Amino acid sequence: MAKWLDNAVFYEIYPQSFQDSNGDGIGDFRGIIQRLDYIRELGCNAIWINPCFLSPFGDAGYDVADYYTVAPRYGTNEDLKQLFAEAHRREMHVLLDLVPGHTSVEHPWFRESMKAERNEYTDRYVWTDSVWESPENMSCLRGISPRDGAVALNFFSMQPALNYGYHRITKSWQQSPDAPGPRATFQAMLDVIRFWLSMGCDGFRVDMAGSLVKNDEEGKGTIALWQKVRAFLDEEFPEAAFVSEWGEPDKSLQGGFHMDFLLHFGPSHYNDLFRCQHPFFSSEGKGDVYAFVEKYRENYEKSERKGLICIPSGNHDMDRLARRLSQEEMKLAFAFLLSMPGAPFLYYGDEIGMRYVEGLTSVEGGYARTGSRSPMQWDNTANNGFSSAAPEKLYIRTDDAADRPTVKAQMADKNSLYHEVRKLIGIRQSRPALQSRGEITFVYAEKNTCPLAYVRSDGRERILVIINPSASECRFDSRLPSGEVLYNYGEAARKEGGTFIVPPCSASFLTV
Ligand code: GLC
Ligand code: CA
């Protein structure tokens, strides 16, 4: 299994908004290549790029019209191949985004499947057998085709569901995952995976990975399907890494995913830490970490270390960290994110505390998500150094607040969030116990109180992490010894007798 994941730290790039190299107002592959050194210098050794394939962009590219060709606005397949090579030259790995659950209505497969005459693609999507019949528990499109049927939708109205079959069959038009139609869909997706991995891509982030087989409440059909993908990978691409947008690690890792995200939806309590009314990482000290830790522990046990549970700083679907947390508070949030097991994922711009841009009109199906997708803020030149286009040509307008953070200003200020994040990644990279596969044992995580404390260990070393986001000193009793201070933000925690004394707004990593 992909050894490189042991110390992987990922950087998520929303390609539209990272770096425009040709002045058309939208980011592209050459722009990403130009900025690889920046990402490497920050300490990240892997990137995930949101979907960059041909698409009408009704959902920012999550509506694919051709899985084999990149969207011209980003460059050519050759440019992407060069990006892989440039990343590898820097000992970095690249994940693309696979959207296996649905396509755009403009995909040729879908056009064929709309025809009344039977053809190769008739069973490629989930169709009922009458225009008046709706698929159970899903919305649908009807009256759009000569074919008499309604087609199930996975997300927006232009994203019809590909047919991987039904786990529980209750209607005559529902097919088993083993029926020829669903099997052909599966094979078609394997071909896509093989194509990009052969070109030099190192793996995929998989969109809505848990929803492929329908009527599958316990996930059994979908798990079985992904196990087949994993067997194929182990055989043909043993170094490839797959991370699922699933949010239920016990299922996804059983399905053979190398990693699963903890997400802002589902019962993860992830947002209790960063994005609720009283987040744990706020200095007001009203947040609660307990429910998160309970759930995390449960997932960690249930997933039996089959793979990694990844906690992102944010992503293209959620609010920016900076919407609730100050730069100082984000430093403590990163002390947590960068000392937890699993591979951390940094959303571009979070390392400088980029803000959610309020009041934007929706761009490419972003709606409320648009404010988290604004152009990267490199410096204080035109368009924050993102593009040389006229401001009104930009894909999304840049944050123009006078005090907006930029990479350049943060690099020049040694007390900045950027430097703290870089330092934290550096410490993680020098201590295997803090990396992906080091064990975690929670030491202190109680209801409505601070701090949060846990031990990371790898058999050779044990590191105690203590984080107190609140503005008041706190204490806890423990039999753990206190050794060398490896890292501290604010004043380091210290031990007096049997009690750890934890200064306000602080994070400490101690050998124990
Ligand atoms: C995932 C993506 C999101 C997209 C949706 C539909 O949740 O992260 O951006 O809109 O799937 O593909
Ligand atoms: Ca461009």
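The shown structure was predicted, so the numbers you read here are calculated from the model rather than taken from an experiment.

(A) The arrangement of the coordination of the calcium ion (ligand 2) in detail. Surrounding the calcium ion (ligand 2) are the protein donor atoms Asp20 (OD), Asn22 (OD1), Asp24 (OD), Ile26 (O) and Asp28 (OD), which sit 2.2 to 2.4 Å from the metal. Sequence spacing of the donors to the calcium ion (ligand 2): D-x1-N-x1-D-x1-I-x1-D. The exposure class of aspartate 20 is buried, given its relative accessible area of 5%.

(B) Structural detail: the nonpolar core. Grouped together as the largest cluster of nonpolar side chains are 161 residues, with contacts concentrated most on Tyr11, Ile47 and Phe336. Considering every element that reaches this core, the biggest residue donor is helix α5 (residues 180-199), with 9 residues. One finds Val126, Met138, Ala152 and Ala161 within the second-largest nonpolar core, a separate group that totals 6 residues.

(C) Representation of the side chain of glutamate 364. Mapped onto the secondary structure, glutamate 364 falls in the loop between β12 (345-347) and α11 (407-412). Judged by relative accessible area, glutamate 364 falls into the buried class, the value being 19%. In this structure the side chain of glutamate 364 is engaged in a polar contact, spanning 2.8 Å, whose partner is the side chain of tyrosine 395. If sequence neighbours within four positions are ignored, glutamate 364 has contacts with Gln16, Phe57, Gly58, Asp59, Ala60, Arg73 and Tyr395.

(D) Just helix α12 (residues 417-430), in detail. Taking 1.5 Å per residue as the helical rise, α12 with its 14 residues ought to reach 20 Å, and the 20 Å between its terminal C-alpha atoms agrees with that figure. Looking only at α12, the buried set comprises Leu417, Tyr418, Glu420, Val421, Leu424, Ile425, Ile427 and Arg428.

(E) Structural context of the environment of phenylalanine 257. With respect to the secondary-structure elements, phenylalanine 257 resides in the loop between α7 (249-254) and β10 (259-261). For the pair formed by phenylalanine 257 and glutamine 227, sequence separation is 30 residues and the distance between their alpha carbons is 8.2 Å. Apart from the residues lying within four places of it in its own chain, the contact partners of phenylalanine 257 are Val206, Ala209, Trp226, Arg230, Phe242, Val243, Ser244, Trp246 and Ser252.

(F) Fine view of the pairing of strand β16 (residues 474-477). What you see with β16 is a clean split: Cys474 and Phe476 sit on the buried side and Arg475 and Asp477 on the side with no burial. Two elements, β16 and strand β19 (residues 499-502), share 4 bridges in a ladder whose sense is antiparallel. What sits directly across from cysteine 474, in β19, is valine 502.

(G) Fine view of the side chain of serine 387. You can see serine 387 is positioned in the loop between β12 and α11. A polar atom in the side chain of serine 387 sits 2.7 Å from the side chain of aspartate 20. At a separation of 3.0 Å, a polar atom in the side chain of serine 387 contacts the main-chain amide nitrogen of alanine 389. Leaving out residues up to four positions away in the same chain, serine 387 has contacts with Asp20, Gly23, Gly25, Ala382 and Leu394.

(H) Region of interest: the sheet that holds β12. Sheet architecture is open: 8 strands sit in the order β11-β10-β9-β8-β5-β2-β1-β12, paired in parallel fashion. Among the strands making up the open sheet, the edge pair consists of β11 (308-310) and β12. Averaged over all pairs of adjacent strands, the angle between strand axes in this sheet comes to 25 degrees, irrespective of strand direction. The pairing of strand β1 (residues 10-13) with β12 spans 3 bridges and is classified as parallel. Each bridged residue has a counterpart across the sheet, and for glutamate 12 the counterpart in β12 is tyrosine 347.

(I) Looking closely at the site of ligand 1. Neighbouring ligand 1 are 13 residues; Asp59, Asp207, Glu245, His316 and Asp317 lie closest to it. Contact between ligand 1 and histidine 316: an oxygen atom at 2.8 Å from a side-chain N or O atom of the residue. The separation between an oxygen atom of ligand 1 and a polar side-chain atom of arginine 369 is 3.0 Å. Within the complex, the protein chains bury 96% of what would otherwise be the 310 Å² of accessible surface of ligand 1. In the shell around ligand 1, the residues fall into 3 nonpolar, 3 polar and 7 charged.

(J) Molecular detail of unusual backbone geometry. Following cysteine 450, the chain continues into proline 451 via a peptide bond in cis, with omega recorded as 0 degrees. The phi dihedral of arginine 305 is positive, around 55 degrees, even though this residue is not glycine. On the secondary structure map, arginine 305 appears in the loop between α9 (290-302) and β11. The backbone phi angle of asparagine 383 is positive, close to 50 degrees, even though this residue is not glycine. Within the secondary structure, asparagine 383 is located in the loop between β12 and α11. Exposure remark for asparagine 383: the relative accessible area of 10% places this residue in the buried category.

(K) Focus on the packing of aromatic side chains. Taken as a whole and judged by the stated rule, the model has 40 aromatic pairs. Judged by centre distance (5.6 Å) and plane angle (35 degrees), the ring pair of tyrosine 67 and tryptophan 109 falls under tilted. Residue tyrosine 67 is located in strand β4 (residues 66-70), and its partner tryptophan 109 is located in helix α4 (residues 108-113); the two are separated by 42 residues in the primary sequence. Of the two residues, tyrosine 67 and tryptophan 109, both sit in the buried class. Clustering of aromatic rings is evident, with ring pairs tying together Tyr270, Phe274, Phe280, Phe281, Phe292, Tyr296, Tyr300, Phe336, Phe442 and Tyr454. Above the plane of the ring of tyrosine 348 lies arginine 320, whose end atom (NZ or CZ) is 4.7 Å from the centre. A cation over a ring is seen here: arginine 323 above tyrosine 356, with NZ or CZ 3.7 Å from the ring centre.

(L) Representation of the layout of surface pockets within the structure. Estimates place the volume of the largest pocket at around 450 Å³. In terms of lining residues, the largest pocket is bounded by 19 residues, among which Met208, Gly210, Ser211, Val213 and Lys214 are the most central. Here the lining of the largest pocket is built from residues that sort into 6 nonpolar, 6 polar and 7 charged.

(M) Local environment of the state of the cysteines. This model, assessed by the stated rule, comprises 0 disulfides. Here cysteine 44 is not disulfide-linked; the sulfur of cysteine 310 is the nearest cysteine sulfur, at 13 Å. When its relative accessible area of 0% is taken as the criterion, cysteine 44 is described as buried. In this model cysteine 276 remains outside any disulfide bridge; the closest cysteine sulfur is found in cysteine 450, 13 Å from its own. Under the relative-accessibility criterion, cysteine 276 is labelled partly exposed at 25%.

Definitions and limits used
- Residues numbered from 1 in each chain as written.
- Chains lettered and ligands numbered in written order.
- Predicted model: local features only at pLDDT ≥ 70, side-chain atom pairs only at ≥ 80, totals over all residues.
- Heavy atoms only, no water.
- Donors = N, O, S within 2.8 Å, 3.2 Å for Na, K, Ca; no water.
- Buried < 20%, exposed > 50% of the residue type's maximum accessible area, 1.4 Å probe, protein only.
- Core = buried A, V, L, I, M, F, W, Y, C linked by side-chain atoms within 4.5 Å.
- Helix = DSSP H or I, 4+ residues; strand = E, 2+ residues; numbered from the N terminus.
- Polar contact = N/O pair within 3.5 Å; in protein donor to acceptor, adjacent residues only side chain to side chain.
- Contact = heavy atoms within 4.5 Å.
- Expected span 1.5 Å × (residues − 1).
- Pairing = 2+ DSSP bridges.
- Axes fitted to C-alpha atoms, helices over the stretch in contact; angles between N-to-C directions.
- Near = heavy atom within 4 Å.
- Areas by Shrake-Rupley, 256 points an atom, 1.4 Å probe, with all protein chains shown as cover.
- Nonpolar A, V, L, I, M, F, W, Y, C, P; charged D, E, K, R; others polar.
- Phe/Tyr/Trp six-rings, centres within 6.5 Å; stacked < 30°, edge-to-face > 60°.
- Lys NZ or Arg CZ within 6 Å of the ring centre and 35° of its normal.
- 1 Å grid on protein atoms, 1.4 Å probe; cavity = no way out; pocket = protein on both sides within 12 Å on 5 of 7 lines; lining within 4 Å.
- Points joined across faces, edges and corners; volume = space filled by probe spheres on them.
- Disulfide = S-S within 2.5 Å.

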